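# Close look at the chain arrangement
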Amino acid sequence: MQPKRPDTPHPGHGYVTRRVDRYRHGEHEQISDAITEEVPVAMLYNDVPFAVMMVTPLDLEDFALGFSLSEALVAKPEELQSIEVRSRLEGIELAMQVSSDTVEQRAGNGGERLLPGRSGCGLCGARMLEDAVRHPAPVGNGPRVEAAALERALETLHAAQPVNSATGSVHAAAWVDVDGAIVLVREDVGRHNALDKLIGAMVKARIDPEQGFLLVTSRASYEMVTKAASAGITLMAAISAPTALAIHLAESTHLTLVGFARPGSYVIYTHPQRLLHAAGATA
């Protein structure tokens, strides 16, 4: 009897299961494997198409709000008046009504998006160089965080990622308080999407971005720094490396950028005054 091959969806989990053939150490077995969902999500503002992003279909209202804010399509959360999630045969539509005319200016008059955005893409759809690299305003003072708090967050982050625990293929963006406790986590196949979801969730929960720090499981690319600074986040730690442009933008926005964050080690690239080292550590 042939194994059943169609995907079996797990509603609200962000993944499907599929029968696969696994070979390990010379042994073969058929198992049920969890596979991350990745679907096209069309972003519509006042019925005007703006972008199509490849997204894991979880926390879509958080994504809509965070994307709108981090892409400077709305200046305040109140300008996003409604969000309707519409299931379509080809994917999902996020139909948003906004009071700002920013979207119409960017999308309706030969705007710079209107192109598909891959899940790992931060520049997809940008047609003008000035739209590709935005320079947010400088962030506030923010808290001073003990290195031990970063250590505690790193130790507990894996347990706070249910989709990645099942599939091993998604990124996470976590909001951590000054004591190192993880407050919110959002996951997505795209690192930018995960951060947008987190920003949206933070705004909905009325979390002060100057009362904690951001921890991401991806590299610290320039667009991640841009989104973090746009949200008023003052310290961003990534488990992988930053890019040169990310460092430049973090420096100019006064954001503390930490890379290669691992239990017991990290590298600070900009504004080190916010991360307090263990006793005996030297600069």
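Worth saying up front: this structure is predicted, and the values here are computed from it rather than measured. (Residues numbered from 1 in each chain as written. Predicted model: local features only at pLDDT ≥ 70, side-chain atom pairs only at ≥ 80, totals over all residues. Heavy atoms only, no water.)

On to the environment of Ser218. With respect to the helices and strands, the residue Ser218 is situated in the loop between β12 (212–216) and α7 (222–230). Distance from Ser218 to Ala238, taken between C-alpha atoms, is 6.1 Å for residues 20 residues apart in sequence. Excluding its chain neighbours within four sequence positions, the residues that come into contact with Ser218 are His171, Arg191, Met224, Ala238, Ile239 and Ser240. (Helix = DSSP H or I, 4+ residues; strand = E, 2+ residues; numbered from the N terminus. Contact = heavy atoms within 4.5 Å.)

Under the defined criterion, the tally for this structure stands at eleven salt bridges. Measuring nitrogen to oxygen at the nearest pair gives 3.7 Å for the salt bridge that ties Arg186 to Asp59. You can see Arg186 sitting in strand β11 (residues 182–188) and its partner Asp59 sitting in the loop between β5 (48–55) and α1 (60–70), a full 127 residues away along the chain. By relative accessible area, which is 15% here, Arg186 ends up buried. A salt bridge links Glu223 to Arg191; the nearest nitrogen and oxygen atoms lie 3.5 Å apart. Separated by 32 residues along the polypeptide, Glu223 in helix α7 and Arg191 in helix α6 (residues 191–204) bring together distant segments of the chain. (Salt bridge = Lys/Arg side-chain N within 4 Å of Asp/Glu carboxyl O. Buried < 20%, exposed > 50% of the residue type's maximum accessible area, 1.4 Å probe, protein only.)

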